[in-house]
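# Chains, contacts and geometry: an overview
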Amino acid sequence: MNERSTFEVLSPWAQADPIPLMGISPRLEDLAAKKIGLFYNFKRASALMLSAVEQELKKRYPSIITSWYRFSGVNIPEIETNNSDKFKEWVKGVDGVVLAVGD
Amino acid sequence: MQKPVVLLANEGFVTDGRSAASSKGMPGLRIVSESVPCECTIEADAEAGIVPVMEQIIDGLVQPLTAEEQSPTSKERVNPSRIIFKGDFAETNRFFYKSGWGDGLPLVPPTEEAVQEMLTGTDLRPDHIVGTVQPRLGKATVEKIAVNAVMAGALPTHMPVLIAGVEHLLDPLTRFGTFSMSTGSWSPFWVVNGPIRNDIHVNSSSGSMSPGNIANAAIGRAMGLIIKNLGGIRKGVEDMGVIGNPGKYSMVLGENEERSPWVPLHVDEGFDKDDSALSLIFPNCFTQTWPYTSDDKGILRSIIYNIKPVGGLCCFVIPPAHANTLAQKGWTKEMVRQYIVEFARSPAYRHHSFYDTNNALVRPGNAPLSAMDTVAAITDPNYARIVVAGGPGTFMGLVFSAAFPGARWVTKKIAVPANWKKLVSKYRSLVPTYERY
């Protein structure tokens, strides 16, 4: 191959359709007396991190309630697993969620 | 079910988290960067990383949404024009490298002419979409596959393997998305079976996994570029492999079917011997060991005592001489596999999960009573496969992947174009001839 040749080259980068964007959910006015979901995965740090979050939240808001949920899969949305109903029920029962994945 | 969510991410994973949120259509996800050591097991360290960011966590749940968070504006998707650059070899390579489209080695410029030649390797139309590759959901058109194949130095006769390779990436059973982006630096390990091996010279003999053969080198390299440029998996952004893995350049092996006493892998997987097929798992390491003695017992002892007790998908690459020794002693491939699965055991204390907070070993009905109790190194017999490959000599390859839920060995048929024989004859003589000295 002659290094001085000029090449007109094609792009290797794939075309992709735009992904419909969603806004995030409205926030809470206050955390007092709210039920906060603590969602963690299989990675070891995740539960420890959320334990610390739980402890700190309860220090600041003694009336706060927490509810734990362990993500059952690895990189598969929980809503697409066999636990979908259980997960939906859990989400329905909490006011907000703190999520930790261990990394 | 609209609920406010805050994601905690280690400071090194915030970019990854943002990319993942955007790819799911929620670029505004509130992420709090924390400094808890990744996969930390020490309570005090977790607390020390969380306490300083508690106000941010609380703010994340209560601070009103900005207009952009409420209604994110469409992120511009980079859909580049077909012809992307004009320049000489060095300029083209620098442009591609700076655009993040390379793998660090020089690339063959994908000119119209080169891509057209590559497309002779398939009967599919250039605009045919094989699928969309996660996480970016890039459209894997046949032309884009060909462009990346040219860049990797592949030949048109490799196109059928690459198209089958892309089909693998689309199959949920391979768990491609998990393996390719995991901190574990898992690399695709491709095994080629059937007549196409010889048609395109996939090395299955001496040094099958070493550099030096176009097919073994370019097929793996092209798949690496396809994963990056079609799937959008970039190192340190989506691919969070901690150490990385040289296997991501290329890890392609042909089975030495002609010298094997057993049926080949693809026949075990339900294909005809005359079919060509491609199999895939994602290991992150392999080791090589030699028989303690040259009989069947020595071969098998060496395998079972050198298995990494990770419990996941694995491949035992046995050179023809040992395969024939085993076969002569009456061992079928299935017997070898069952033997390995039954007798490859190690003390519980050697299994990471014995110590985990989410202890997978210590479950009711499954708990070792002491750290010295032995547990199976391979947790599911279906995880293990035996492939005969390699040249003369005694070393064997033990290839280890993981047990991500749902992950399986996957084998797919390779479909060749109608003009295959003619195409093969055009490139068949392209083999290295080593001068004697």
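Residues numbered from 1 in each chain as written. Chains lettered and ligands numbered in written order. Predicted model: local features only at pLDDT ≥ 70, side-chain atom pairs only at ≥ 80, totals over all residues.

We now examine the overall build of chain A. Within chain A, the secondary structure is distributed over two helices and four strands. Of the regular secondary structure in chain A, the N- to C-terminal order runs β-β-α-β-α-β. In terms of C-alpha radius of gyration, chain A reaches 22 Å, well past the compact-globule figure of 13 Å for 103 residues. Projected onto its principal axes, the C-alpha positions of chain A cover 75 × 30 × 25 Å. Taking all 103 residues of chain A together, the buried fraction comes to 35%. Across chain A, contacts joining residues at least 24 apart in sequence account for 74% of those joining residues at least 6 apart. (Helix = DSSP H or I, 4+ residues; strand = E, 2+ residues; numbered from the N terminus. Rg over C-alpha atoms; globule rule 2.2 N^0.38 Å. Buried ≥ 20, exposed ≤ 12 C-beta atoms within 10 Å, placed from the backbone. Contact = placed C-beta atoms within 7 Å.)

Here the focus is the confidence of the model for chain B. Averaged over all residues, the pLDDT of chain B is 94; the fraction at 70 or higher stands at 96%. As scored by the predictor, the complex reaches a pTM of 0.94 and an ipTM of 0.93. (pLDDT = per-residue confidence, 0-100.)

Residue and element names in this part refer to chain A. Most of strand β2 (residues 35-40) sits inside the fold, with five of its six residues counted as buried. In this region the chain leaves β2, passes through helix α1 (residues 44-60) and returns to the parallel neighbour strand β3 (residues 65-70); the handedness of that crossover is right-handed. Strand direction decides the pairing type here: β2 and strand β4 (residues 96-100), joined by five bridges, are parallel. Of the residues in β4, the one forming a bridge with Gly37 is Val97. (Right-handed = clockwise from strand over helix to strand, strands pointing away. Pairing = 2+ DSSP bridges.)

Residue and element names in this part refer to chain B. The strand order β7-β6-β8-β15 describes an open sheet built from four strands, whose pairing is mixed. Among the strands making up the open sheet, the edge pair consists of β7 (252-254) and β15 (410-413). Going from strand to strand, the sheet's axes swing by 20° on average, the running direction of each strand aside. Bridge analysis of strand β6 (residues 189-193) against β7 gives three bridges, and the strand direction is parallel. Considered in β7, the bridge of Val192 is made with Gly254. Set on the sheet, helix α8 (residues 159-170) makes contact with β6, β8 (277-281) and β15; between it and β8 the angle comes to about 40°. (Axes fitted to C-alpha atoms, helices over the stretch in contact; angles between N-to-C directions.)

Counting from both sides, the interface comprises 81 residues of chain B and, opposite them, 54 residues of chain A. Classifying every residue of the side of chain B that touches chain A gives 43 nonpolar, 23 polar and 15 charged. Pairing geometry for β4(A) and strand β1 (residues 5-10) of chain B, over four bridges, is parallel. Note that in β1(B) the partner of A:Val98 across the bridge is B:Val6. (Nonpolar A, V, L, I, M, F, W, Y, C, P; charged D, E, K, R; others polar.)

Below, the discussion takes up the sheet that holds strand β14 (residues 396-400) of chain B. Residues and elements named next belong to chain B. On the basis of which strands lie adjacent, the open sheet formed by four strands has the order β9-β14-β10-β13 and mixed pairing. Looking along the sheet, the strands with just one partner apiece sit at the ends: β9 (285-289) and β13 (384-388). Each adjacent strand pair in this sheet contributes to an overall mean axis angle of 20°, direction not counted. Sheet topology places β9 next to β14; five bridges connect them, and they run antiparallel. By the bridge assignment for β14, Phe286 is matched with Val399. Here helix α15 (residues 333-343) sits on the sheet in contact with β10 (314-318) and β13, set at roughly 135° to β13.

Right, let's talk about the environment of B:Gly397 for a bit. Residues and elements named next belong to chain B. In this fold, Gly397 is placed in strand β14. The partly exposed category is assigned to Gly397, around which 19 C-beta atoms lie within 10 Å. Separated by 297 residues in the primary sequence, Gly397 and Gly100 place their C-alpha atoms 33 Å from one another.

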